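# Analysis of the macromolecular model
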Amino acid sequence: MKNKYIFGGVIVAVFLFLMIYLLTQSNIQYENDFAKVMAKEKTVKATGSWVKEKSYELDKENKTFTFYMADQSGNQMKVVYEGTIPNNFESAVSVVVTGKYQNGYFHAKDILTKCPSKYEQQNVKSSSM
Amino acid sequence: MIGSIVLSLALASSLIAMVMYFLTFKGYQNTLNIGRIAYHSMAMLVIAASAILTYLILTHDYSYKYIYNYSSNDLPTGILAATFWAGQEGSFMLWVLFTSIVGIVLQNYSSKRGDLEPRVMSVFTLSTSFLLVMVSPLFKNPFAYIWTEPVFLGVKDISSAFLNQPWIQNFLFSDSSTNQNFVKMGPELYAALSSAGIAVKDFVIDGKGLNPQLLNFWMQIHPPILFLGFSMATVPFAFAIAAMMKNDYNHWVKQALPWVLAGAGILGLGIMMGGYWAYEMLGWGGYWAWDPVENSSLIPWLVGVASIHTLLVQRKTQAKGGIGKYAKTNLILSIMTYILVLYSTFLTRSGVLGDASVHSFVDPGMLVYLFLVIFIGTFIVLGFGMLIYRWKFLNEKIEGEESLLSRDLALFTASVVLCASALIVLVGTSAPLFGNAVDTFFYNDMHIPLAIIIGLLNGLSLLLKWKQSDGQYLLKKSFLSITLSIILTASMIIFGGITDIMMILLGLAASFSLFVNLEIAIKIIRGNMKMLGAYVAHIGIALFILGVIGSAAYSKHVDIDLIKNEPKEALGYQLIFTGYNPIENNTKYAFNINLKKGDKNYTISPIMYISEFNNGLMREPAILNMWTKDFYISPLGYDEGTNDSHNHGQVIDLEKGGSSELNGAKISFDRFDMPAETMQAMQEGKDFQMGAVLSLEFQGKKESFELLRKSVSGQVQFTDYTSQNTGLKIQLLNLTAGKIQISVSNPNEAAQENVQQNPKEVLSISASVKPFINLVWAGVLVMFVGFFVSVSRRLKESLVK
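Predicted, not measured: the structure shown is a model, and the values here were computed from it.

On to the overall build of chain A. Helix and strand content of chain A: two helices and eight strands. Along chain A, helices (α) and strands (β) appear in the sequence α-β-α-β-β-β-β-β-β-β when read from the amino end. Across the 129 residues in chain A, those meeting the buried criterion constitute 33%. Taking the intrachain contacts of chain A between residues at least 6 apart in sequence as the baseline, contacts between residues at least 24 apart amount to 43%.

Two strands in a sheet stick together by hydrogen bonds in their backbones, pointing the same way (parallel) or opposite ways (antiparallel). All names here are of chain B. Strand order in the open sheet formed by three strands is E1-E3-E2, with antiparallel pairing between adjacent strands. A single partner strand is all that each edge strand has here, and the edge strands are strand E1 (151-154) and strand E2 (172-175). Neighbour-to-neighbour, the strand axes of the sheet open up by a mean angle of 40 degrees, direction not taken into account. Strand direction decides the pairing type here: E1 and strand E3 (residues 180-185), joined by four bridges, are antiparallel. Bridge pairing in E3 links Phe 152 to Lys 184.

Residue and element names in this part refer to chain B. Packing of helix H15 (residues 407-430) against helix H16 (residues 440-463) brings their axes to within 10 Å, and their N-to-C directions diverge by 165 degrees. Between H15 and H16, the angle is such that the two are roughly antiparallel. Along this stretch, H15 crosses H16, giving a crossing that reads as left-handed. Here Arg 407, Ala 410, Leu 411, Thr 413, Ala 414, Val 417, Ala 420, Ser 421, Ile 424, Val 425 and Gly 428 of H15 lie close against H16, whose contacting residues are Phe 442, Tyr 443, Met 446, His 447, Leu 450, Ile 453, Ile 454, Leu 457, Leu 460 and Ser 461. Within the contact of H15 with H16, the residues separate by chemical class into 15 nonpolar, five polar and one charged.

Residues and elements named next belong to chain B. The end-to-end C-alpha separation of helix H9 (residues 217-232) is 24 Å, in line with the 22 Å expected for 16 residues at 1.5 Å each. Among all positions in H9, only Met 219, His 222, Pro 223, Leu 226, Phe 227, Leu 228, Gly 229, Phe 230, Ser 231 and Met 232 are buried. Residues of H9 that are buried in the fold lie against helix H4 (77-82), helix H5 (88-111), helix H10 (234-246), helix H11 (251-282), helix H12 (292-317) and helix H13 (327-349).

Another aspect to go through is the confidence of the model for chain B. If pLDDT is low for a region, its predicted coordinates should not be looked at in detail. All names here are of chain B. Put simply, chain B has an average pLDDT of 87, and 92% of its residues get 70 or more. Element-level mean pLDDT values for chain B span from 52 in helix H21 (residues 747-756) up to 97 in helix H2 (residues 31-58). Between residues 643-647, whose pLDDT stays under 50, and residues either more than four places distant or in other chains, the model counts six contacts. A low-confidence stretch, residues 752-756 (pLDDT under 50), is modelled with one contact involving residues beyond four sequence positions or located in other chains. Among the scores for the predicted complex, ipTM is 0.78 and pTM is 0.84.

On to the pairing of strand E13 (residues 629-639) of chain B. Residue and element names in this part refer to chain B. In the sheet, strand E12 (residues 622-625) pairs with E13 via four bridges, with the strands oriented antiparallel. Counterpart to Ala 622 in the pairing with E13 is Ile 633. One ladder, built from 10 bridges, connects E13 with strand E23 (residues 762-771); its direction is antiparallel. When the sheet's bridge partners are listed, Phe 631 is paired in E23 with Val 769.

How each quantity is defined
Residues numbered from 1 in each chain as written. Chains lettered and ligands numbered in written order. Predicted model: local features only at pLDDT ≥ 70, side-chain atom pairs only at ≥ 80, totals over all residues. Helix = DSSP H or I, 4+ residues; strand = E, 2+ residues; numbered from the N terminus. Buried ≥ 20, exposed ≤ 12 C-beta atoms within 10 Å, placed from the backbone. Contact = placed C-beta atoms within 7 Å. Pairing = 2+ DSSP bridges. Axes fitted to C-alpha atoms, helices over the stretch in contact; angles between N-to-C directions. Parallel < 35°, antiparallel > 145°, perpendicular 65-115°, else oblique. Left-handed = near helix turned anticlockwise from the far one by under 90°. Nonpolar A, V, L, I, M, F, W, Y, C, P; charged D, E, K, R; others polar. Expected span 1.5 Å × (residues − 1). pLDDT = per-residue confidence, 0-100.

Here it is in structure tokens:
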């Protein structure tokens, strides 16, 4: 009886330790203040909106998609996404980019665009499986 | 109106049924029949309300807000009917509908099994009551009229017969930035329409339409199956509470088993159908992305499947008399399954995941949020309150020891591993509640070791005897399976090039479980067929894991540009883009790609189109399905090779009176040209134009010109100007209050580039090879069959006294 609990307890402890460790490793913060995004230099999910006036650029050779994003207080930052323009990008009311600010621009590995009405969201989803 | 009345009556009946069933449980006579009548009336009223909603959808009655928001005249009938569950209100309605129907079966089932009915049904009707409050006019009522709150409707959806009426002018609005006209629908307009004797459904003649991503076969079948699974999760909860009400833990186990099995089978199928939809239509490039909405339906499934394993142990150990092992575990898991279904609803409907999910659900408002919290809270308090109340009694009934090598313990371990998996997904999915998110590698890394344990247990537990087994016996019995699985794993390493140690272990564990289960299943087929269920389901999960190893861990992927008619090698295939052609009445474009390997030739066509619904570019993948793999092409973009104003020329913003210097040329924005009639035309929604007068100064020569922003039947156009003097082309891009945006380019230079390089049509694609993905689908289907073979066996057993 006692052995059973010790055995089980150790397994549970190892499991929980592993989970918490991985959780801290894979943890990504949401951030809607670009001043903080730029200061941090670590992977975040930055939320803001596309600066329409500055248009966007599709680079065919390097396969990058570049545009400018602004947060609520108007701070702007350049975003470079390795991939193509997401579905619905032009009509998005807000954009969530996942990545890291480095060398003067935000290097995005994922873009989520959100559209004005329900059920209308598009995503450049890359499935992990 | 009638719909809301029917739903309110249904709520009243549900409450009556709940009270009457509870009184019956408390020992009152005469109340059972009232309860039954009330329950059936409720179910009939819910079915009637659903029929009314379907009828209103099919007849395009846009005086209902829900119907206006999600459907339109051009939808084919099947899809039109499916708009029933396209939004929150309707999907709650679908949930109520299925729960009511499940309840009819449950009422019949429980009435034949002793004194079960009043207890089970009083808990069950608590759940239907909550759901009916949810769809009542207070919260998410699908029968809300369009004019209850002011809303702007596009002019195209309004019957043109009324647009020139004088009384409507007060309700017409125009958005000058997009140049679209709207009608403000609200109580005032409704009053105006009523006094003019016009029915709203004659006034609003078309709806907003459905998101094009939902416009397909899977929309018709995936949500109903998922919601049926959710509805069935209510049943084990009701059984567990019923057991605690009576303080009798013997019968509920075998009575609940067929329900738990059927519910898990259906929910599992529904979840994977969503995965197939994402893979085949939405072009995610895979079937599982750990998206919060996928996750939140996976969590209750995992816990439900965990409960199956411990329920089996309890049932088996009851044979000695007593209540059997894991009585408390089973109560907890059955309660948790339903609470997690509710939690899943909370996550996806309360707007808390707003930033995190592909499935977007608009913030439903504080009231709905609070109600969802109360809904879950009630069931948590009920479930765990009862448990605490009975805890002491249950503790006294605790039973014996198990040996390390017994089927008891193996099944319990399986249940623990499944719960661990559920916990991982739960923690990751709940992270957005705390302003965080987790990367998907969190889920993957955590699940690989768990999947290895699952594979091993899957094989081992079926070899073990219930009480105790010795190692010698085990080795002898599993010799064939071990040999075969080593051979299969070795061939995966040699032919499949699998080198990752975790993947090799996972492959070994999965093939071990596959062969053990196959071996036993083959023996059973010769004997007692009804015992087959568990083995079939486990063969399914083994196939599924093998499929995941191939299609997820060993999928190869490249992004390439295909120039028209130029062959390109990728992933061992030769690809040629041969051009595109319009399909489906010119609404979409199929981009044809020839695939060649050896002497085999295939053509597949990914699809792209601009959706009118959201003015966005939509993409659909194309899949070449082969026995051992899929070749998957997701379109990224298409370039016709002509000049694109986005990429050429320099973009300049100019304020009124401002100027900019470019290659020695000075461009100034002098003034706006806005005649008085423009203002009038703008307000009346007619065609109009606005101008910007600019001047260009180059080497002392000055020329003045005007660029126009034209609005022709709702479409905005911009003009350009080419200067003879400088050869510069100036194109107006935007014109707003006080500011313009122009692009300046030199067509001569651009033309020179083009002479050397003929315009090329380029299709950009993302191509991947998914080995053994068919095993994933086959595994899920086999698992589903296994669940239902088990249901038929356990159904018979549930009647035996």
